[in-house]
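As a plain string of letters, each chain reads:
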Amino acid sequence: MIRIKMNKMKRYLFILMAAAAMLTACQEKKESTVIIAPKPEPVKPSGPILMQDMKAENSVEWIGKTYKVIVNRKVDRELPMVEVEPGKKAYDNRISLTIVRPDGTEFFNKEYTKAAFMNCLDENTKKNGVLLGIVLDRADGDNLIFAASVGSPDVLSDEFIPMVLTVGRMGDVNIKRDTTMDTSNDQEQQEED
C-alpha cells in the first residue's frame, strides 16, 4: 500500500512538473524596456595640444612687381606651454614670415612668437593663448597687410584676438589690434537689396 501511494505520488509530482513546464513554455517573455548603460567618460587628451605644422606660399602684386610670401608655422617645444583650461596644456607656435623679391632674393625674413603681439593682447590671452597664424591679406600701396591671431589652439574654439601686421616697403613692421569688423557679406547683401 505504501508502494502504491508512493507510485501515485510520483505520478502526481510528474504531472505537476510537466504542467509547470508547459505553462512556462507557453508564456511570452517580457523584455525589459529599462536600458542601463555606463555613463560616458570624457576623452582626456593623452598629452598637450599640438597644432599642425603649416606652410603657405602666395604670390602678390606689390609695388609693380610680383613677390612671393611664405608663411611657415611650427610647434615650438622650447617655448613655455600654456594652460588652455584647467588640466589641459598646449604647446605654443613659432611662425616665420618670408617675403621674396621677383629675382629670388629675400626682402624680409622674420620669426614671430606670441611675445611679438603682447601689446595687443588681454591678460587671459597672454596667459592662455598661443600664436595661431599669420596670413597674407592684401597689398595696399607701400604696405603688405597680414592678418595675425593669438588665441585658443582648440579647433572647436572661436576664442582669439585678431591683429593686423603691416610690412612696409622699407621692411618696417607695425602690429596693432584689428578693430574693424568683417562686413563684406553685409555690404554685399545691402547692395543686392
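First things first, this report covers the structure right here in the doc.

Cut-off values and rules
Residues numbered from 1 in each chain as written. Predicted model: local features only at pLDDT ≥ 70, side-chain atom pairs only at ≥ 80, totals over all residues. Heavy atoms only, no water. Helix = DSSP H or I, 4+ residues; strand = E, 2+ residues; numbered from the N terminus. Buried < 20%, exposed > 50% of the residue type's maximum accessible area, 1.4 Å probe, protein only. Contact = heavy atoms within 4.5 Å. Pairing = 2+ DSSP bridges. Axes fitted to C-alpha atoms, helices over the stretch in contact; angles between N-to-C directions. Core = buried A, V, L, I, M, F, W, Y, C linked by side-chain atoms within 4.5 Å.

### Some remarks on the overall build of the protein
When you go through the protein residue by residue, the secondary structure sums to 3 helices and 10 strands. When the elements of the protein are put in sequence order from the N terminus, they spell out α-β-β-β-β-β-β-α-β-β-β-β-α. In the protein, buried positions account for 29% of the 193 residues. Counting contacts in the protein only where the partners sit at least 6 residues apart, residues at least 24 apart contribute 44% of the total.

### Some details on the sheet that holds strand 1 (residues 54-62)
With antiparallel pairing, 4 strands are arranged side by side in an open sheet as 1-2-5-6. Taken across any chain shown, the strands that pair with only one partner, and hence form the sheet edges, are strand 1 and strand 6 (106-112). The mean angle between the axes of side-by-side strands here comes to 15°, regardless of whether they run parallel or antiparallel. Across 9 bridges, strand 1 lies against strand 2 (residues 65-76) in antiparallel orientation. Paired with Asn58 across the strands is Val69, a residue of strand 2.

### Digging into the sheet that holds strand 7 (residues 130-140)
Read across the open sheet, the 4 strands follow the order 7-8-9-10; overall the sheet is antiparallel. Across the chains shown, the open sheet's two edge strands, defined by having one partner strand only, are strand 7 and strand 10 (173-177). Strand after strand, the sheet turns through a mean of 25° between neighbouring axes, direction not considered. Pairing of strand 8 (residues 143-151) with strand 9 (residues 160-168), which is carried by 9 bridges, proceeds in the antiparallel orientation. If you follow Val150 over to strand 9, its bridge partner there is Ile161.

### Some points on unusual backbone geometry
The bulk of non-glycine residues show a negative phi, and the bulk of peptide bonds are trans. Phi is positive for Ile63, which is not a glycine, with a value near 40°. By the secondary structure assignment, Ile63 is in the loop between strand 1 and strand 2. Since its relative accessible area comes to 33%, Ile63 is described here as partly exposed.

### A word on the pairing of strand 3 (residues 82-85)
Pairing of strand 3 with strand 4 (residues 88-90), which is carried by 3 bridges, proceeds in the antiparallel orientation. Looking across to strand 4, one finds that Val82 is bridged to Ala90. Adjacent in sequence and paired antiparallel, strand 3 and strand 4 are bridged by 2 residues, among which Gly87 carries a positive phi angle near 80°.

### Focus: the nonpolar core
It is characteristic of soluble globular proteins that their nonpolar side chains tend to be buried jointly. Within the largest apolar cluster, 25 residues are counted, with the highest numbers of intra-cluster contacts made by Val69, Leu97, Ile99, Phe117, Ile134 and Phe146. Counting residues in each nonpolar core, the second largest holds 7 residues, with Ile49, Met51, Val84 and Val130 among its members.

### Remarks on the side chain of Ser152
With respect to the secondary-structure elements, Ser152 resides in the loop between strand 8 and strand 9. When its relative accessible area of 14% is taken as the criterion, Ser152 is described as buried. Beyond its immediate sequence surroundings of up to four residues, Ser152 is in contact with Val84, Leu132, Ser157 and Glu159.

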